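# Report on the structure
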Amino acid sequence: QETNPDFLSRLRTQKDYDVVVVDTPPALGSKALAAVVPAADYVVLPTPPAPMDLAALIETVRATVMPAGVAHRVLLTKVDPRSLGEALEAQNTLMELGIPACNAFIRAYKAHERAALEGVTIAQWRGKNGREAEADYRRAADEIQRDWRN
């Protein structure tokens, strides 16, 4: 829950942790994002595949992530399962721009909301599309872990 940019910029000096995960606001002008990206070993950039969201993400990657020289990958989220073409188009756009994107993506299911309302993780939820939603996260996590191992 830390938001102080000075603290975030010193994450590499923290000795009590093997892995530090930071979730920052996606806004290009975010001081937290600007502070944490240069301190990161790897940056995951989640975004919906909608054109407006993708345009903002591309600007953030070009202005903040690429200049820091940090390994990164875009993860498409909130993908409508009925129109997977939008996600594939977004992945192709990112590839053409030289921005790495996960092959996996997170589809939008009501299961996410229902699990949260019940106070359980998607892996614990047993309703409709729960297994599909869990599988999306597992595929993305496996892909990101392969990056870390290399």
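Preceding this paragraph is the structure being described.
The following refers to the structure shown. (Residues numbered from 1 in each chain as written. Predicted model: local features only at pLDDT ≥ 70, side-chain atom pairs only at ≥ 80, totals over all residues. Heavy atoms only, no water.)

### Thoughts on the side chain of Gln 91
- With respect to the secondary-structure elements, Gln 91 resides in helix H4 (residues 84-96).
- On the basis of relative accessibility, which here comes to 14%, the residue Gln 91 falls in the buried class.
- Aside from chain neighbours lying at most four places away, what touches Gln 91 is Leu 76, Cys 102, Asn 103, Ala 104 and Phe 105. (Helix = DSSP H or I, 4+ residues; strand = E, 2+ residues; numbered from the N terminus. Buried < 20%, exposed > 50% of the residue type's maximum accessible area, 1.4 Å probe, protein only. Contact = heavy atoms within 4.5 Å.)

### Focus on the side chain of Thr 77
- With respect to the element layout, Thr 77 can be found in strand S2 (residues 71-79).
- The contacts of Thr 77, once residues within four sequence positions are left out, are Pro 46, Thr 47, Pro 48, Pro 49 and Ile 106.

### Some details on the sheet that holds strand S1 (residues 42-47)
- Sheet architecture is open: three strands sit in the order S1-S2-S3, paired in parallel fashion. Each of the sheet's edge strands pairs with one partner strand only, and the pair in question is S1 and strand S3 (101-107). Here the strands of the sheet are splayed against their neighbours by 25° on average, with no regard to which way each runs.
- Relative to S3, S2 runs parallel, the two sharing three bridges. Within S3, the residue paired with Leu 76 across the bridge is Phe 105. (Pairing = 2+ DSSP bridges. Axes fitted to C-alpha atoms, helices over the stretch in contact; angles between N-to-C directions.)

### Re unusual backbone geometry
- With a phi angle near 55°, Lys 78 is a residue other than glycine that sits in the positive phi range.
- Inspection of the secondary structure assignment puts Lys 78 in strand S2.
- Here Lys 78 falls in the exposed class, since its relative accessible area comes to 63%.
- Its identity is not glycine, yet Asn 129 carries a phi of approximately 65°, on the positive side.
- Take Asn 129: it is sitting in the loop between helix H5 (110-118) and helix H6 (130-149).

### What about the pairing of S1?
- Direction of pairing for S1 relative to S2: parallel, over a ladder of six bridges. Following the sheet pairing, Pro 46 is matched in S2 by Leu 75.
- A crossover connection joins S1 to the parallel S2 through helix H3 (residues 51-68); in handedness this β-α-β unit is right-handed. (Right-handed = clockwise from strand over helix to strand, strands pointing away.)

### Quick look at H3
- The terminal C-alpha atoms of H3 lie 25 Å apart, and with 18 residues this matches the ideal 26 Å at 1.5 Å per residue to within 8%.
- Along H3, the sharpest kink reaches roughly 40°, centred on Val 61.
- Among all positions in H3, only Leu 54, Leu 57, Ile 58, Thr 60, Val 61, Thr 64 and Val 65 are buried.
- Positioned one or two residues after H3, Gly 69 has a phi angle of 70°, which is positive. (Expected span 1.5 Å × (residues − 1). Bend = angle between axes of the 7 residues up to and from the residue.)

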